[in-house]
Amino acid sequence: MTVLLEADPSPVTGHPWFGRYRLAPAAGAATLRDLLRHEIRDTGYWHQTHLPAAPIALPAASYAELFRVSRALLDLVRRTALESAATTEGRLAAYRMPPSEQQLFLADQFTEERYADCVARPDIVIGPDGPRFLEFNVSGALGGPVEFHCRMEVWRRLYTDARGRLPFGYQHPFAVRAEMFRQLCAESGLPPRVAMVGSARDQGGFTRYFDLQVDHFNSHGLLARFFEPEDLHEAWDCPPRLRYGLGLRDFTIPDWAELGIDTAPVQTALDNGCLLVGTQTSTFLSSKLTMGLLSEGRPWMSAAERALVDRYLPWTRVLSHRWTTRGERKVDLVEFTLAHRESLVLKESIGMSGRQVLIGRESDRAEWTAAVTAAAETGTSVVQEFVAPRTCRLAMVADGVDEPYDTEVAPVFGPLLFGGRPAGLFARFFGDGREGIVSVAGAGCSDDCVVSI
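Residues numbered from 1 in each chain as written. Predicted model: local features only at pLDDT ≥ 70, side-chain atom pairs only at ≥ 80, totals over all residues. Heavy atoms only, no water.

In the annotation of an unreviewed UniProt entry, the protein is listed under the name Circularly permuted type 2 ATP-grasp protein and assigned to Streptomyces griseofuscus.

**Section: the overall build of the protein**
Applicable threshold: Numbered from the N terminus, helices here are DSSP runs of H or I no shorter than four residues, and strands are runs of E no shorter than two. C-alpha atoms define the radius of gyration, and 2.2 Å times the number of residues to the power 0.38 defines the globule rule. Categorising residues by exposure relies on relative accessible area from a 1.4 Å probe, with only protein chains included: less than 20% of the type maximum marks a residue as buried, more than 50% marks it as exposed, and the intermediate range marks it as partly exposed.
Helix and strand counts for the protein stand at 14 helices and 21 strands. For 453 residues, the compact-globule estimate of 2.2 N^0.38 gives 22 Å, and the C-alpha radius of gyration of the protein, at 22 Å, lies within 12% of that figure. For the protein, the C-alpha atoms occupy an extent of roughly 65 × 60 × 40 Å along the three principal directions. Scored against the burial criterion, the 453 residues of the protein give a buried share of 56%.

**What about the sheet that holds strand 21 (residues 445–452)?**
Sheets are built from strands paired through backbone hydrogen bonds, the pairs being either parallel or antiparallel. Put simply, the rule is: The criterion for strand pairing is that DSSP finds at least two bridges linking the strands in question. Every angle, taken between N-to-C directions, lies between 0 and 180 degrees, and every axis is a line fitted to C-alpha atoms, over only the stretch in contact when it is a helix. Between two residues, a contact is recorded if the distance between any of their heavy atoms is within 4.5 Å.
Read across the sheet, six strands follow the order 4-21-20-19-5-6 without closing on themselves; strand pairing throughout is mixed. Pairing within the sheet leaves two strands with one partner each, and these edge strands are strand 4 (56–58) and strand 6 (130–138). Sheet twist, expressed as the average angle between the axes of neighbouring strands with direction ignored, equals 30°. Sheet strands in contact with helix 2 (residues 60–82) are strand 4, strand 5 (119–127), strand 6, strand 19 (412–418), strand 20 (421–430) and strand 21, and its direction is about 45° off that of strand 6. Sheet contacts for helix 5 (residues 145–159): strand 19, strand 20 and strand 21; angle to strand 21, the most-contacted strand, approximately 70°.

**Points about helix 11 (residues 288–296)**
Convention followed: In protein, a polar contact means a hydrogen-donor-capable atom and an acceptor-capable atom, both N or O and within 3.5 Å, with residues adjacent in sequence counting only if both atoms are side-chain atoms; elsewhere, any N or O pair within 3.5 Å suffices.
Among the nine residues in helix 11, seven count as buried, and that is most of the element. Among all positions in helix 11, only K288, L289, T290, M291, G292, L294 and S295 are buried. At the N-terminal boundary of helix 11, the capping side chain belongs to S287, with an oxygen 3.1 Å from the backbone nitrogen of L289. Remark: G297 follows helix 11 within two positions and exhibits a positive phi of approximately 105°.

**Brief notes about the environment of T283**
As for its position among the elements, T283 is in helix 10 (residues 282–286). Of the residues examined, T283 reaches a relative accessible area of 9% and is grouped as buried. The spacing of T283 and H149 is 134 residues in sequence and 26 Å in space, taken between C-alpha atoms. If we ignore the near neighbours within four places in the chain, the residues touching T283 are M97, E101 and I350.

**Comments concerning empty space enclosed by the protein**
What counts, and what does not: Both cavities and pockets are sets of points on a 1 Å grid over the protein atoms alone; in a cavity a 1.4 Å probe fits but cannot get out, in a pocket the set is open with protein on both sides within 12 Å along at least five of seven lines, and lining residues sit with an atom within 4 Å of a point. Grid points are joined across faces, edges and corners, and a volume is the space filled by probe spheres set on the points. Polarity classes work like this: nonpolar for Ala, Val, Leu, Ile, Met, Phe, Trp, Tyr, Cys and Pro, charged for Asp, Glu, Lys and Arg, and polar for all others, with Gly in that last group.
According to the stated counting rule, one finds three cavities of 30 Å³ or more in the structure shown. The volume enclosed by the largest cavity comes to roughly 140 Å³. In terms of lining, the largest cavity is formed by 17 residues, of which the most central are A7, Y21, R22, C392 and R393. Looking at the lining of the largest cavity, the elements with two or more residues in it are strand 2 (21–23), strand 4 and strand 17 (392–398). No other element matches strand 17, which puts four residues into the lining of the largest cavity. Taken together, the residues of the lining of the largest cavity break down into 12 nonpolar, two polar and three charged. By volume, the second largest cavity amounts to about 40 Å³.

**Some remarks on the nonpolar core**
If you look at soluble globular proteins, the nonpolar side chains tend to sit buried side by side. Here is the rule we go by: Residues grouped as a nonpolar core are buried Ala, Val, Leu, Ile, Met, Phe, Trp, Tyr and Cys residues, joined through side-chain atoms within 4.5 Å.
Ranked by size, the top nonpolar core spans 51 residues in total, and within it F181, L184, F217 and V266 carry the most contacts. The dominant element in this core, judged by the number of residues it contributes, is helix 6 (residues 173–188), at seven residues. In contact with V266, other than residues within four places in its own chain, are L104, V197, L232, F251, W256 and L276. Judged by nonpolar contacts, the second largest core, of 44 residues, contains F18, L76, L313 and L417.

**Side note on the state of the cysteines**
For clarity, the cut-off: When two cysteine sulfur atoms are found within 2.5 Å, that pair is recorded as a disulfide.
Overall, the coordinates contain zero disulfides when judged by the stated rule. In this structure C118 is a free cysteine whose sulfur lies 12 Å from that of C185, the closest cysteine sulfur available. C185 forms no disulfide, and the closest cysteine sulfur to it belongs to C274, at a distance of 11 Å.

**Some thoughts on the layout of surface pockets**
Put simply, the second largest pocket is a space of about 340 Å³. Considering the residues around the second largest pocket, the lining is formed by 18 residues, among which D310, L313, P314, W315 and E385 are closest to the centre. Residue assignment for the lining of the second largest pocket shows that the elements contributing at least two residues are helix 11 and helix 12 (303–312). In the lining of the second largest pocket, the residues fall into eight nonpolar, three polar and seven charged.

**Observations regarding a nonpolar patch on the surface**
As a reminder, the rule being used: Think of a patch as exposed residues, more than 30% relative accessible area, with no salt bridge, where like charges cluster within 9 Å and nonpolar side chains (Val, Leu, Ile, Met, Phe, Trp, Tyr) cluster within 5 Å. Note on areas: Shrake-Rupley with a 1.4 Å probe; residue coverage comes only from the protein chains shown. Salt bridges are defined as contacts in which a side-chain nitrogen from Lys or Arg sits within 4 Å of a carboxyl oxygen from Asp or Glu.
Taken together, the side chains of L4, Y21 and I453 define a hydrophobic patch exposed on the protein surface, amounting to about 230 Å² of accessible area. With respect to the element layout, Y21 can be found in strand 2. Overall, the relative accessible area of 34% leaves Y21 in the partly exposed class.

**Examining the pairing of strand 20**
A regular strand carries its side chains on alternate faces of the sheet. The buried fraction of strand 20 is high, at nine of 10 residues. Note that strand 19 and strand 20 share six bridges and pair antiparallel. The residue bridging P415 from the neighbouring strand is L425, located in strand 20. Linking strand 19 back to strand 20 in an antiparallel pair, the connection comprises two residues, with G419 at a positive phi of about 60°.

**So, the pattern of salt bridges**
Per the counting criterion, the structure on display carries 26 salt bridges. Across the pair E83 and R298 runs a salt bridge, and its minimum N-O distance is 3.1 Å. Of this pair, E83 sits in the loop between helix 2 and helix 3 (88–94) while R298 sits in the loop between helix 11 and helix 12, placing them 215 residues apart in sequence. Residue classification places E83 among the partly exposed positions, given a relative accessible area of 34%. Judged by its relative accessible area of 22%, R298 falls in the partly exposed class.

What follows is the structure in structure tokens.
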């Protein structure tokens, strides 16, 4: 079987950053559909009408660039968020955080800040000038690890040769995360035990999403257990030898609020010495306001850090009635935003799954004007340069087709970082070639592992 094919990029929307080669499908359409859907079953995942027929393959240099820059920018994001105020209370005020986010902080502020960025995943598109970082997701509940695991189970089965070799390289999120927890346990003087805190109600009533992760921990030297919030008292209200002093916070406050799940048991566990990463301070790192502050520049940034930000972040500003810079010009920010609708995106500071985002070119002038005017009064939104995504060619399968076929997709890359270490590269895209806001749970959205060749 021929494994590598010429990438044959689109002359209109492609980009040389994607490289010269791609992976050929290793099975027929029916087999691919069955395997991919079987592995992702009972994890709360939606039915995808379009599925990848091969992993997305990147040149080693492009693959490494995403992780190298992600780690550097994450450090700047952390510093930007923490220097916004000296205390948690000050940051809550500075960021104008909603009441829902003003909970689940540790009493020990040093520990709270120390473990805020343990789990991170930026969202990156490839624009005309290469990678552009649209936002940073910093949370123990971010999407990617389970999805990557399920997809990679299929790709390993199909591409491993008779000598046990794969024609591509990758990191596995579960393996890197287990190593992170081993190091955290050693750093804290705790036994190697991990509490995974979440709820099956957030995964369609199934526990397999958590079972996959717990099973990996348990088979790699860590004693792990999944805790629903109602059972979380069993992690600390027990003899010392049975306690779980460290865990993964695999939920978000907004998701639990929608489901009516009480967060009080989590706060009680935190108050009784159970450290759940990433800590609530991660909400400041995830805020789009941090991206705006970083893009505008901080007084402590070196020339090299300023150049890195200018190279990889699209122009982003916290929207309010003020003057700022756009290139070499000084502009009235609100007037500039109103006048350049088709080249800008409006984003609220807190949001998930592509919600709270308005793309100027996809809205009419009246809608844009109303949204910008309202956002300028609150100071809790950013305006960001629109990045026209470039595409790569990928083999796909769809419901009802007999053979894999090629299409152009515009992936949103999500490099996973656990404890600052590369932990696998995940991608989302519209499998039918559409453009728009790509959400992990959006209609028509597909996903895939990304590997290096």
